[in-house]
Every structure is written in structure tokens, then in C-alpha cells.
Amino acid sequence: MGVADTGCGTGVGWDFAGPSAAAPSGAAIIGYRDVGGAGLDLRVAATTAVAVVIEFGGRELIVDDAGGRQALGGFVVGLPMAAMRIRSRQAECVEVRLSPIRAHSLLGIAATDLGRGVVPLEELWGSEVRRLREQLADAGTWEERFALTKSFLAQFEPMRTPDPEVIAAWHRILASGGQVKVGELAEYLGWSRKRLWARFESQIGLTPKRAAMLVRFRCAVVGLLAGRPAADVAAGCGYTDQAHLCRDVAIFADRTPGALHADNLPVIALDRYRAWGTFFQSPG
């Protein structure tokens with residue numbers, strides 16, 4: 001889920017753990033439990049990682065996104081282009097973040113399918129997911145839960161390997177903070193724009209242009225949450241002007257820049273932001 005998660009009950013009484021050093025390459029694992037009964041209510045902004053969320057407390061997560069509402073025991077979501085809302089009466093979750101490069105190999109689902117919205121875990125892994133949820137519930141520590149999750153993921157053989165050129169394009173988009181042009185990428189790779197567009201979208205789940213928009217937005221989120229003026233963030237992140245920044249924040253977070261900063265982020269969201277920060281900036 002996203003760095004700019006806003007609104008999570010009162011933020012009191014959360015047991016938070018991670019990220020785990022045991023995570024496979026190109027991934028990171030965290031865990032969180034609502035031990036105070038405050039309830040979970042997250043408005044989740046788009047991010048640059050594929051998220052796998054596994055609820056193990058025997059409750060359902062109510063997910064509202066562009067595709068409608070679903071009640072799920074776990075789900076995977078690709079690189080979303082719009083905000084979503086996740087609620088639960090008392091959530092207990094393990095969350096795995098995968099770079100889109102790693103997700104392309106591991107999940108056994110086309111990136112373009114992930115791009116359509118939230119996918120129930122049962123669609124990926126069937127009844128094995130129910131067994132994993134039971135094991136996570138029986139585990140006594142976070143390290144046990146992280147080890148179980150890592151073992152579960154390790155059983156899946158890589159389904160496919162992204163093109164080296166697609167990997168290079170993704171790395172270059174990240175390194176530029178989303179400010180590289182599609183024509184520059186194509187020239188750098190020695191591909192036509194059409195070929196880059198098709199291969200990148202099929203393997204990452206977004207077109208190069210939309211991926212660059214998303215990466216640039218994540219760079220802007222860092223500045224906005226730090227309290228920098230929106231005009232300064234817009235200039236520093238390569239937006240045409242402040243209005244341009246406002247449009248992207250509305251698309252990805254369903255907020256204005258001012259509202260994004262003014263939200264009283266609860267403890268769990270802030271901790272998650274700090275814990276995931278390095279992973280988001282890595283090329284993955």
C-alpha cells in the first residue's frame with residue numbers, strides 16, 4: 001500500500017514490525033496488528049511498488065477502488081493510477097512490497113492484469129493462501145510470520161524474466177525522479193518508441209509515460225509530507241507549475257497538496273513511510 005496512507009483509526013494501539021531483513025531480493029516485508037481495536041481506515045495513495053497484503057486475523061479487508069468494493073482476506077495490487085481505501089474492524093496483516101521488476105517474475109500474473117486493480121490472492125494461489133493465513137495466525141512472533149511468508153513465496157518458480165531493456169528503462173525512470181522523456185528512453189535503449197511502449201506496458205503494467213508520472217508523484221509526496229511549499233515541490237520535481245502538481249496529486253491521492261500535508265498521519269502510517277522509504281527509492 002502507499003507511503004501517503006492517510007487516516008488509520010486513531011493510530012493508537014498498533015503493533016508494527018519491519019521491514020524484515022529476511023525478505024527475498026527485490027522485496028520487503030512488514031507486519032502490523034490493530035491491538036487496540038481502533039479499526040483500520042486507510043486512504044492509500046498510488047506508489048511505485050506492487051503490494052501483496054495478507055490478513056491473518058480471521059477478518060476481511062474492505063477494499064474500495066475504481067473497480068468497486070470487495071471484501072477480501074488478502075489481495076495484490078499493481079502500480080495503481082488512483083487512490084484506494086482499505087478498511088477493517090481490526091486488521092492483522094503481513095504486507096509484502098515487490099518492485100514491479102520482481103513482481104513480473106514471481107506472481108504468475110501479467111502486469112497488465114495487475115494494472116486493472118485489486119486482485120484477490122485466491123486468484124493467484126488458490127487454497128494455499130488459506131493455509132498460509134492459518135499458519136500466520138498460529139505463529140507467535142513477527143519473525144516467524146516473516147519466515148513463513150518468505151517460505152511461501154520461495155516455492156514459486158520465476159514465471160518469466162523481464163527484458164533487460166525494460167529493466168534498464170525502469171531504473172532510468174527511478175533515477176531521474178520520473179523526469180526522463182519517453183523519446184530519451186527509447187534512444188538510450190536503441191528501441192523505437194512503439195516497441196518500448198508495448199514491451200514496458202506488458203511487463204511493468206503501465207506505459208513508460210504513466211510510470212514516469214507515478215515516480216515523479218512519489219518524489220513530490222516526500223517533499224509535501226516534509227512540509228515544503230507546494231510551489232517549491234513542483235519546481236524541484238519537474239512539474240510545469242503548481243497547478244500541474246495539483247492535478248497529479250488529485251489523480252494519485254485524491255487530495256490537494258495542502259490536504260495531503262495537513263492530514264494528521266497516525267503513528268502506523270508514519271512508521272510505515274519511514275520503513276519503506278529506502279525500498280521505494282531502490283531500483284529494485
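Everything below is about the structure shown above.
This write-up is about the structure you can find in this document.

The rules behind the values
Residue positions are given per chain, counted from 1 along the sequence in the order it is written. In view of the model being predicted, local features appear only for residues whose pLDDT reaches at least 70, and side-chain atom pairs are presented and counted only at 80 or more, with totals across whole chains, interfaces and linings using the full set of residues. Processing note: side-chain calculations cover all non-hydrogen atoms of the structure and skip hydrogens and water entirely. Strand pairing is defined by DSSP finding a minimum of two bridges between the two strands. Secondary structure elements are taken from DSSP: a helix is a run of H or I of four residues or more, a strand is a run of E of two residues or more, and numbering for both begins at the N terminus. Where helices are involved, their axes are fitted lines through C-alpha atoms of the stretch in contact, as for all axes, and angles between N-to-C directions lie from 0 to 180°. Between two residues, a contact is recorded if the distance between any of their heavy atoms is within 4.5 Å. Buried means the residue's accessible area, taken with a 1.4 Å probe over protein chains only, is under 20% of the maximum for its type, while exposed means over 50%, and partly exposed covers the values in between. Positive charge is attributed to Lys and Arg, negative charge to Asp and Glu, and no charge count is given to His or to the chain ends. Salt bridge, as used here: a side-chain nitrogen of Lys or Arg that lies within 4 Å of a carboxyl oxygen of Asp or Glu.

### Examining the sheet that holds strand β9 (residues 92-98)
Reading across from one edge, β1-β2-β9-β4-β7-β10 is the order of the six strands in this open sheet, with antiparallel pairing throughout. A single partner strand is all that each edge strand has here, and the edge strands are β1 (14-17) and β10 (118-120). For this sheet the average axis-to-axis angle between neighbouring strands, irrespective of direction, equals 20°. For strand β2 (residues 27-34) and β9, the ladder comprises seven bridges, and the chain directions are antiparallel. Bridge assignment links tyrosine 32 to a residue of β9, and that residue is cysteine 93. Sheet contacts for helix α5 (residues 142-154): β1, β2, β4 (50-55) and β9; angle to β2, the most-contacted strand, approximately 135°.

### Here we look at the environment of glycine 117
Within the secondary structure layout, glycine 117 lies in the loop between α2 (111-114) and β10. A relative accessible area of 11% means that glycine 117 is categorised as buried. Between the alpha carbons of glycine 117 and aspartate 65 there is a distance of 7.4 Å; along the sequence they are 52 residues apart. Excluding residues that lie within four positions of it along the chain, glycine 117 makes contacts with Asp65, Val76 and Val77.

### Here we look at the side chain of aspartate 34
By the secondary structure assignment, aspartate 34 is in strand β2. Buried within the structure, aspartate 34 lacks any salt-bridge partner; arginine 59 is the closest side chain of opposite charge, at an N-O distance of 7.7 Å. With residues up to four places along the chain from it excluded, the contact list for aspartate 34 reads Gly13, Trp14, Gly39, Leu40, Arg89, Gln90 and Ala91.

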